Amino acid sequence: MSKLKDKVVAITGASGGIGEATALLLAERGAKVVLGARRSDRLESLTKRIAVAGGEAAYAVTDVTQRSDLSRLVTLARERFDKLDVLLSNAGIAPISLLDELRVEDWDAMIDVNVRGLLYGIAAALPVFRSQGFGHFVNIASVAGIVTTPTMAVYSATKLAVRAVSEGLRQEAGPHLRVTIISPGFVQTDLANSMTNSQTRAQIAHKMSEIAISPDAIARAIAFAIEQPPEVDVNEMIVRPTAQS
């Protein structure tokens, strides 16, 4: 029997890329997935796809910059499936650019989605995990949170914040909660679409077409962390293309 059988996993950014791939894999292995993203049509389509394959899924339109949306997603998991085992904070954007361009609105958006969205998820799930006596936060960071390059300064800062908050949470969590950071490298997602600088977007898209790995690779890493026994906490994983420097 799969170690994921009947695990209840809420996923933000579930309508595409890593979130979608993870939802499909976990549902295939017997988890019950609760999907959150802004695009209702894609959430509905993914939920039906999982159901047709014999899995269980529910969804709620979720904007992670709205604390109430995260609370509603966690509440949906508990109302539909009676518990919440895992919160996968995957939603993120990357409108990267040189600091000289002064794209302050893009900076604000990255902070709101990548950092506040993570914190709002913690605020929604942590009291539930405490009351249950179990729970697992899986937070998607990035290789950019480890190595900073030109155009990546603000994005790197937000992903470094993900790592810092996650490590602080791990140390505060105690013996019954788990915290995992997953730091992907180049992955075949539509993240480049959030970039407002057309030249940078084209450069990143070209790089992705050359070396990016499938979101399934990240989904398998997430599944591995969740599948471990309760006393085993996989704290951090870096998953990137072999061709990435």
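Residues numbered from 1 in each chain as written. Predicted model: local features only at pLDDT ≥ 70, side-chain atom pairs only at ≥ 80, totals over all residues. Heavy atoms only, no water.

(A) Spatial organisation of the packing of helix H1 (residues 17-28) against helix H2 (residues 40-52). Where H1 meets H2, the axes come as close as 10 Å, and the angle between the chain directions of the two elements is 20 degrees. Classified by the angle their axes make, H1 and H2 are roughly parallel. Considering only the axes of H1 and H2, their crossing is right-handed. Between H1 and H2, the residues in contact are Glu20, Ala23, Leu24 and Ala27 and Arg42, Leu46, Arg49 and Ile50, respectively. By residue class, the composition of the contact of H1 with H2 is five nonpolar, no polar and three charged. (Axes fitted to C-alpha atoms, helices over the stretch in contact; angles between N-to-C directions. Helix = DSSP H or I, 4+ residues; strand = E, 2+ residues; numbered from the N terminus. Parallel < 35°, antiparallel > 145°, perpendicular 65-115°, else oblique. Left-handed = near helix turned anticlockwise from the far one by under 90°. Contact = heavy atoms within 4.5 Å. Nonpolar A, V, L, I, M, F, W, Y, C, P; charged D, E, K, R; others polar.)

(B) View of the pattern of salt bridges. On inspection of all chains with the given rule, the structure shows ten salt bridges. Residue aspartate 6 pairs with lysine 32 through a salt bridge whose shortest N-O separation is 3.9 Å. On the criterion of sequence distance, the pair formed by aspartate 6 in the segment before strand E1 (8-12) and lysine 32 in strand E2 (residues 32-37) is long-range, its members being 26 residues apart. The exposure class assigned to aspartate 6 is partly exposed, which follows from its relative accessible area of 33%. (Salt bridge = Lys/Arg side-chain N within 4 Å of Asp/Glu carboxyl O. Buried < 20%, exposed > 50% of the residue type's maximum accessible area, 1.4 Å probe, protein only.)

(C) Main features of the packing of aromatic side chains. Under the defined criterion, the tally for this structure stands at one aromatic pair. Residues phenylalanine 129 and phenylalanine 137 carry aromatic rings whose centres are separated by 4.9 Å and whose planes lie at 65 degrees to one another, so their mutual orientation is edge-to-face. (Phe/Tyr/Trp six-rings, centres within 6.5 Å; stacked < 30°, edge-to-face > 60°.)

(D) Here's a closer look at helix H5 (residues 153-173). Taking 1.5 Å of rise per residue, the 21 residues of H5 would be expected to cover 30 Å, and the 30 Å separating its terminal C-alpha atoms lies within 8% of that figure. Looking at H5, one finds that the buried residues are Val154, Tyr155, Ser156, Thr158, Lys159, Val162, Ser166, Leu169 and Ala173. For H5, the secondary structure elements touched by its buried residues are helix H4 (104-132), strand E5 (135-140) and strand E6 (177-184). Directly beyond the C-terminal end of H5, a positive phi value near 85 degrees is found at glycine 174. (Expected span 1.5 Å × (residues − 1).)

(E) Focus on the environment of alanine 202. Structurally, alanine 202 can be placed in helix H6 (residues 198-211). The partly exposed category is assigned to alanine 202, whose relative accessible area is 47%. Spatially, the C-alpha atoms of alanine 202 and alanine 192 are 8.2 Å apart, while their sequence positions differ by ten residues.

(F) Just a nonpolar patch on the surface, in detail. There is a patch of nonpolar side chains on the surface, built from Ile146, Val147 and Ile238 and spanning about 250 Å² of accessible area. For valine 147, the position within the fold is in the loop between E5 and H5. Among the residues examined, valine 147 registers a relative accessible area of 48% and is labelled partly exposed. (Patch = residues over 30% accessible without salt bridge, like charges linked within 9 Å, V, L, I, M, F, W, Y side chains within 5 Å. Areas by Shrake-Rupley, 256 points an atom, 1.4 Å probe, with all protein chains shown as cover.)

(G) Highlighting the environment of glycine 133. Inspection of the secondary structure assignment puts glycine 133 in the loop between H4 and E5. Residue classification places glycine 133 among the partly exposed residues on the basis of a relative accessible area of 35%. Separated by 43 residues in sequence, glycine 133 and histidine 176 place their C-alpha atoms 6.2 Å apart.

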